[in-house]
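A closer look at the structure
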Amino acid sequence: LFDGIYPFYPQQRKVAVFDVSSIIVIVVFLTFACSFLLIIPGIRGRARLYWTLRVLLSLLVGVVIVAVQFTGDWETGWVKANTSYKSFSRALVNADIGLHVGLAGVNVTLVGNPVNQVNETIDYNEHFAWSFDADYDHSYDEGLERGLPSPILYVAEKFTRQSPCSMHRQYRISGHYASATLWVAFCTWLISNMLFSMPVLVYGGYMLLVTGAFMIFSLLSFSTVRNSLVCPIQFGTATLHTSYGGSFWLTLAIGLLCFVAGITVVALHYFNLDLLKTFFDLREDKAEEHQEMTEVYVNTHFVNNG
């Protein structure tokens, strides 16, 4: 203690669901959306509604593909338990222990019930990364040096490379492949937008189908961790069980939306091309197609012979 104040150890803290990267992505896409809404009054007629639907839906797909790369709720779980708080101490605390798994690492949360117990504020959220530029075991060792609470270290230890559970390898590889397929989906989303801006709408529909397919592939990659045995995370008689989180289901919903939109575009191309061109504001002006001549000159010689 220093004048009755606990020493502060600097640490990398990250919220369980959103972090700075996710917020930056959302702000960028909201800026594009607001910029479009400023110019939408300049579009006349029903085309204004069509443009609004197309742009906002496209931005929704793009922001979800990028934002879920940085969220930490692909798989989540909570448990309430009476557990030891610190090593070499018999003090027990009642707390909620949460595990949040993302594509780039895990967040372990410890919140006391109540927050103030054993003369301390029990409110922890620690992030342990396993991305290509991060060393999970090093982050875990730093947590040991800082003296993190025992429940956090116990959960984090399950994901270390030395753990016999092999959870680190399972989740790390699945997360890497899921992230890679999502970046491919982002590239195909960009290509689909470029194709929709040209008179090749059916190919834009095909690329939307490819985008949805890669999003589903990312979900299949992440879900492979369910096919292997996972070590139980026990706190006395309580067990921490995890289930798919919001980012997983949001990615699934947007992937199905891409499938529906792509199939609709392809079907309209073959069965009602005029309606498809109208929706994408590519239909030729009917007045120009059926423009009438105001003055006609007739050769009377050919008329008489007829």
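Residues numbered from 1 in each chain as written. Predicted model: local features only at pLDDT ≥ 70, side-chain atom pairs only at ≥ 80, totals over all residues. Heavy atoms only, no water.

The condition is simple: UniProt positions are given in the numbering used here, feature names are shortened, and annotations may be inferred rather than shown by experiment.
Looking up the chain in an unreviewed UniProt entry gives the name DOXA2 factor, with the organism given as Smutsornis africanus. The heading Sequence similarities (unreviewed entry) in the UniProt record of the chain holds the text "Belongs to the DUOXA family." Under the UniProt heading Subcellular location (unreviewed entry), the entry covering the chain gives this text: "Membrane".

1. A short note on the packing of aromatic side chains
This is how it is decided: The pairing test for Phe, Tyr and Trp rings, Trp by its six-membered ring, is centres within 6.5 Å, and the orientation test on the planes gives stacked under 30 degrees, edge-to-face over 60, and tilted for anything in between. Strands here are runs of E lasting at least two residues and helices are runs of H or I lasting at least four, both read from the DSSP assignment and numbered beginning at the N terminus. Note on exposure labels: buried denotes an accessible area under 20% of the residue type's maximum, exposed denotes more than 50%, and partly exposed covers the range between, all computed with a 1.4 Å probe on protein chains only. A ring is considered to have a charge above it if a Lys NZ or an Arg CZ atom is located within 6 Å of its centre and within 35 degrees of its normal.
On inspection of all chains with the given rule, the structure shows 20 aromatic pairs. Their ring planes at 40° and their centres at 6.1 Å tell us that W130 and F159 sit as a pair that is tilted. One end of the pair, W130, is in the loop between strand 4 (120-129) and helix 3 (136-146); the other, F159, is in the loop between helix 4 (150-157) and helix 5 (167-196), and 29 residues separate them in sequence. We note that W130, like F159, is buried. Centre to centre, the rings of F196 and F280 are 4.9 Å apart; their planes meet at 25°, and the pair counts as stacked. Placement of F196 in helix 5 and of F280 in the loop between helix 8 (273-279) and helix 9 (286-289) is noted, with a sequence separation of 84 residues between them. A single burial state applies to F196 and to F280, both of which are buried. Cluster of aromatic residues (ring-pair linked, three or more members): F29, F32, W183, F186 and W189. Cation over ring: R54 sits above W51, and NZ or CZ is 4.3 Å from the ring centre. Looking at R54, its charged tip hangs above the ring of F279, at a distance of 5.9 Å from the centre.

2. Topic: the packing of helix 2 (residues 47-67) against helix 7 (residues 246-271)
Let me state the cut-off plainly: Axis definition: a line fit to C-alpha positions, over the contact stretch in the case of helices; interaxial angles, taken between N-to-C directions, run 0 to 180 degrees. Orientation is classified from the angle alone, with under 35 degrees giving roughly parallel, over 145 giving roughly antiparallel, 65 to 115 giving roughly perpendicular, and any other angle giving oblique. By definition, turning the near helix anticlockwise from the far helix through less than a right angle yields a left-handed crossing, and turning it clockwise yields a right-handed one. The contact rule is simple, with two residues in contact once any of their heavy atoms fall within 4.5 Å. Charged means Asp, Glu, Lys or Arg here, nonpolar means Ala, Val, Leu, Ile, Met, Phe, Trp, Tyr, Cys or Pro, and polar covers whatever is left, Gly included.
Following both chains from N to C, one finds helix 2 and helix 7 inclined at 140°, their axes separated by 10 Å at the closest point. By the angle between their axes, helix 2 is oblique relative to helix 7. Remark: the crossing between helix 2 and helix 7 carries left-handed chirality. Contacts between helix 2 and helix 7 involve L57, L60, V61 and V64 from the first element and L250, I254, L257 and C258 from the second. Here the contact of helix 2 with helix 7 is built from residues that sort into eight nonpolar, no polar and no charged.

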